[in-house]
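Chain by chain, the residues:
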Amino acid sequence: MAKGQGDAVDIAIIDAISQVAAEDWDGLCAQDGARPLDPFTTHRFLAALEDSRSVGGRSGWEAKHLTIRQDGRLLAAMPLYAKGHSQGEYIFDHAFADAWQRAGGRYYPKLQSAVPFTPATGARLLGAEELRPILLRALAEVTGANNLSSAHITFCTEDEAAVGVEEGWLHRLTQQFHWQDEGYGDFDGFLAALSSRKRKTIRRERAQAQAFGGEIRALTGDALRPEHWDAFWEFYQDTGSRKWGTPYLTRAFFDRIQETMRDDTLLILAERDGQPIAGALNFIGSETLFGRYWGCTEDHPCLHFELCYYQAIDWALANGLSRVEAGAQGEHKLARGYLPSAVHSLHWFPDDRFRQAVDDYLQAETAAVGDEMRILEAYAPFRRGPQSGGDQ
């Protein structure tokens, strides 16, 4: 990859996060108190992916992080990968790749600023706001200089998307389902905000789930033990093999986060006779609980909803978090209080003709996504009208 010289700054591509000191990289990540806004762009998370060989090798994710330095001091950075496919992204560009290759072009490798296998919104342009345009221009320049088809920045923040549009990048709007605390206080307060029918449904689902014959435990920090990851690996393998064939993460990844990210991790386990039979893995930000993986070795009614959605809300309320992001897809989340939420990405195509074709496509897609979000919001489970008389 290319190395370029900006005005009084050095712009470079590095092949491993280990080439940057953890304190320098994490100094660019937005913090709120002791925690980063999200744990996924921290040095320790990206290092866990690389050190465990969940990325690199034959994974199709080759680290090419972009950095900006001045007099040796790290000013800004971007988690960046050369991609040999479009897997593990969750904002997919298969249609772009097919069109490019039908026209006789070579779509891969492409550049992707993202956190591998992690559909969670967070900063991608790390550092001071005034350096965001420089990062975007540098990525566009590297893409063109290396004759690559495209560059993509997925699950970026809305503010970053706005800067990207100003810089001439194409903006894509998609959606997920997120839960937001509206001052509920506790789970009963959340239930009180729902329509009567939805409230009864959730209570029934929770009762069914909790009748599986064991106990549910929420573990984080030093309460997490290596044996918990042995159990969760079984769950992850089972879910992964049924959903997408081969799980993305290696077993070593879970050992790594046990070593370096116990305090950033929440593992909710259902145990029967002292043995875990199902679990949901979450990561903890300063404002948001991010649900990531679920799996089980026994099927029990509504246990998935309990561990992934209701326990997450319970824990967030008890620990002062205002938001739960439960991952990609899933309109079934709507009935459980998770509402449509906009997700942003940016896309750069050096070829002007192809860029125009994608722009036309994205404008039509954005209108359709907006319409869908408005329709879904009409089916939200919350009470309508004044609380004194709006229960349904």
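On a predicted model such as this, the values are computed, not experimentally measured, just so you know.

Parameters and conventions
- Residues numbered from 1 in each chain as written.
- Predicted model: local features only at pLDDT ≥ 70, side-chain atom pairs only at ≥ 80, totals over all residues.
- Heavy atoms only, no water.
- Axes fitted to C-alpha atoms, helices over the stretch in contact; angles between N-to-C directions.
- Helix = DSSP H or I, 4+ residues; strand = E, 2+ residues; numbered from the N terminus.
- Parallel < 35°, antiparallel > 145°, perpendicular 65-115°, else oblique.
- Left-handed = near helix turned anticlockwise from the far one by under 90°.
- Contact = heavy atoms within 4.5 Å.
- Nonpolar A, V, L, I, M, F, W, Y, C, P; charged D, E, K, R; others polar.
- Salt bridge = Lys/Arg side-chain N within 4 Å of Asp/Glu carboxyl O.
- Buried < 20%, exposed > 50% of the residue type's maximum accessible area, 1.4 Å probe, protein only.
- Pairing = 2+ DSSP bridges.
- Polar contact = N/O pair within 3.5 Å; in protein donor to acceptor, adjacent residues only side chain to side chain.
- Phe/Tyr/Trp six-rings, centres within 6.5 Å; stacked < 30°, edge-to-face > 60°.

(A) Representation of the packing of helix α4 (residues 132-145) against helix α5 (residues 158-166) within the structure. Where α4 meets α5, the axes come as close as 10 Å, and the angle between the chain directions of the two elements is 60°. Here α5 runs oblique to α4, going by the angle between their axes. Our pair here, α4 against α5, has a crossing hand that is right-handed. Two secondary-structure elements touch here, α4 through Arg132, Pro133 and Leu136 and α5 through Asp159, Glu160, Val163 and Gly164. Residues belonging to the contact of α4 with α5 are distributed by class as follows: 3 nonpolar, 1 polar and 3 charged.

(B) Examining the pattern of salt bridges more closely. Applying the stated criterion across every chain yields a total of 23 salt bridges. With its nearest N and O atoms 2.9 Å apart, the salt bridge here joins Lys64 to Asp15. With a gap of 49 residues between them, Lys64 in the loop between β5 (61-63) and β6 (65-70) and Asp15 in the loop between β2 (10-14) and α1 (22-26) connect regions that are remote in the sequence. Put simply, Glu167 and Arg137 hold a salt bridge, and the shortest N to O gap is 2.9 Å. Highlighted residues: Glu167 in the loop between α5 and β12 (170-180) and Arg137 in helix α4, separated in sequence by 30 residues. Here Glu167 falls in the partly exposed class, since its relative accessible area comes to 23%. A single network of salt bridges, built from pairs that share partners, joins Asp26, Arg35, Arg44 and Asp264.

(C) Just the packing of helix α7 (residues 196-209) against helix α10 (residues 303-318), in detail. Running from N to C, α7 and α10 cross one another at 115°; their axes reach a closest spacing of 9 Å. With respect to their mutual orientation, α7 and α10 come out roughly perpendicular. Between α7 and α10 lies a crossing of left-handed hand. Note on element contacts: α10 touches α7 through Leu303, Phe305, Glu306, Tyr310, Gln311 and Asp314, opposite Ile202, Glu205, Arg206 and Ala209. Each residue belonging to the contact of α7 with α10 can be placed in one class, and the counts come to 5 nonpolar, 1 polar and 4 charged.

(D) Region of the structure containing the sheet that holds β5. With respect to topology, 11 strands assemble into an open sheet ordered β5-β8-β9-β11-β18-β12-β17-β16-β15-β14-β13, the strand pairing being mixed. The sheet is open, and its two borders are formed by β5 and β13 (215-220), each paired with just one other strand. When the angles between neighbouring strand axes are averaged without regard to direction, this sheet yields 30°. Relative to strand β18 (residues 339-348), β12 is paired through 9 bridges, and the arrangement is antiparallel. Bridged to Leu173 within β18 is His344. Contacts from α5 reach β11 (151-156), β12 and β18 within the one sheet, and its direction differs from that of β18 by about 35°.

(E) Examining the environment of Lys83 more closely. Position of Lys83 among the secondary structure elements: in strand β8 (residues 81-83). Note on Lys83: relative accessible area 0%, which makes it buried. Between the C-alpha atoms of Lys83 and Gln258, which are 175 residues apart in sequence, the distance is 28 Å. Beyond its immediate sequence surroundings of up to four residues, Lys83 is in contact with Gly60, Trp61, Glu89, Tyr108, Pro109, Lys110 and Gln112. Here the side chain of Lys83 touches Gln87 through a polar contact of 3.1 Å, landing on its backbone oxygen. Side chain to side chain, Lys83 and Glu89 meet in a polar contact 2.4 Å long.

(F) Region of the structure containing the packing of aromatic side chains. Taken as a whole, this structure holds 32 aromatic pairs when the rule is applied. Their ring planes at 80° and their centres at 5.5 Å tell us that Trp61 and Tyr81 sit as a pair that is edge-to-face. Placement of the pair is Trp61 in strand β5 and Tyr81 in strand β8, with a sequence separation of 20 residues. The residues Trp61 and Tyr81 share a single accessibility class, namely buried. Considering the side-chain rings of Phe190 and Phe382, the 6.3 Å spacing of their centres and the 65° angle between planes classify their relative orientation as edge-to-face. You can see Phe190 sitting in helix α6 (residues 187-192) and its partner Phe382 sitting in the segment after α11 (352-377), a full 192 residues away along the chain. A relative accessible area of 0% means that Phe190 is categorised as buried. What links up through ring pairs into an aromatic cluster is the set Phe40, Phe45, Trp229, Phe232, Trp233, Phe235, Tyr236, Phe253, Phe254, Phe283, Phe290 and Tyr293.

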